[in-house]
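# Examining the three-dimensional arrangement
Here's the letter readout for the chains.
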Amino acid sequence: MAERGEKWGKREQAMNKIQKKLIAAVILGVLCASVVLAAQSKQWTKGHEAFQRGDYAQAIAIYNELSLHGKAVDRFYFYYWLGCAYETNGQYAEALTALGESLKYREAARDTTVNNILPHVHEEFGICHRETGAYAESIASYRKAIELDPTDAQLYTGLALTLVRANQTDEA
C-alpha cells in the first residue's frame, strides 16, 4: 500500500513539474507576443510618419514588411496603407494588388472594426482604376464605396470626376 502511495506521489510531482513548465511556456509566449506587438506598433508609427512627410518609398518598405506578419485584421490595415502609399506614389498596379490583398484579409478577419475603412479601400480602387483609364472599374469601385458610406461627400466627388473623365457627363 505504501508503495502505491509513493507511486502516486511521484506521479503528482511529475504532473506539477509539467504544469509549471506549461505555465512558464505560456508566460514566455505572452511576453514574446508582447515584444512582437510592440515592434509592430513602432514600425506602424514609422510607416505613418514616412507617409505623412511624403516619403512614400520608406512607407512602402515598412508597410510591405508589416504586411507579412500579424493577425488577419492587422494585415487588412497593413495592406490598405500599403495600397494608399503605392497609389499616392503613382504605382497604381502595385496599389491594386495591395488593396486586393487587403480585401482578402478583411474576409479572413471577420472583424467589424474594419467596416469604417472599407469604403476607403474601394475609393482607393476607384482612384487607381481612374488613373489607369479603367473608368468602368473605377465607377464600380466608387459606387461600392458610396453603397458602404452614402454620407461621405468625397466619394461622390471621386465618382463625378471619374464620370467626367469617362465622358459620361450626363451622369456626373
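Scroll up to find the structure.
Remember, it's a predicted structure, so these values are computed and weren't measured experimentally.

The next point concerns the packing of helix α2 (residues 56-66) against helix α3 (residues 72-88). Direction vectors running N to C along α2 and α3 enclose 155 degrees, while the axes themselves pass 9 Å from each other. Taken together, the axes of α2 and α3 are roughly antiparallel relative to one another. Crossing hand, α2 versus α3: left-handed. On α3, the residues that touch Y56, A59, I60, Y63, N64 and L66 of α2 are F78, W81, L82, A85, Y86 and T88. Here the contact of α2 with α3 is built from residues that sort into 10 nonpolar, two polar and no charged.

Let's shift gears to the nonpolar core. Judged by nonpolar contacts, the single largest core of 26 residues is most densely connected at Y63, F76, L82 and V121. Counting residues per element, the ones that place at least two in this core are α1 (2-52), α2, α3, α4 (92-109) and α5 (118-131). Sort the elements by how many residues they give to this core and α3 lands first, with nine residues. Once you skip the residues sitting within four places of it in the chain, L82 turns out to touch I60, Y63, N64, S67 and A98. With eight residues, the next largest nonpolar core counts I146, L155, L159 and L163 among its residues.

Bringing helix α7 (residues 153-165) into the picture now. Spanning 13 residues, α7 covers 19 Å between terminal C-alpha atoms, matching the ideal 18 Å at 1.5 Å per step. In the segment just after α7, N167 is the residue with positive phi, at about 60 degrees.

Thresholds applied
- Residues numbered from 1 in each chain as written.
- Predicted model: local features only at pLDDT ≥ 70, side-chain atom pairs only at ≥ 80, totals over all residues.
- Heavy atoms only, no water.
- Axes fitted to C-alpha atoms, helices over the stretch in contact; angles between N-to-C directions.
- Helix = DSSP H or I, 4+ residues; strand = E, 2+ residues; numbered from the N terminus.
- Parallel < 35°, antiparallel > 145°, perpendicular 65-115°, else oblique.
- Left-handed = near helix turned anticlockwise from the far one by under 90°.
- Contact = heavy atoms within 4.5 Å.
- Nonpolar A, V, L, I, M, F, W, Y, C, P; charged D, E, K, R; others polar.
- Core = buried A, V, L, I, M, F, W, Y, C linked by side-chain atoms within 4.5 Å.
- Buried < 20%, exposed > 50% of the residue type's maximum accessible area, 1.4 Å probe, protein only.
- Expected span 1.5 Å × (residues − 1).

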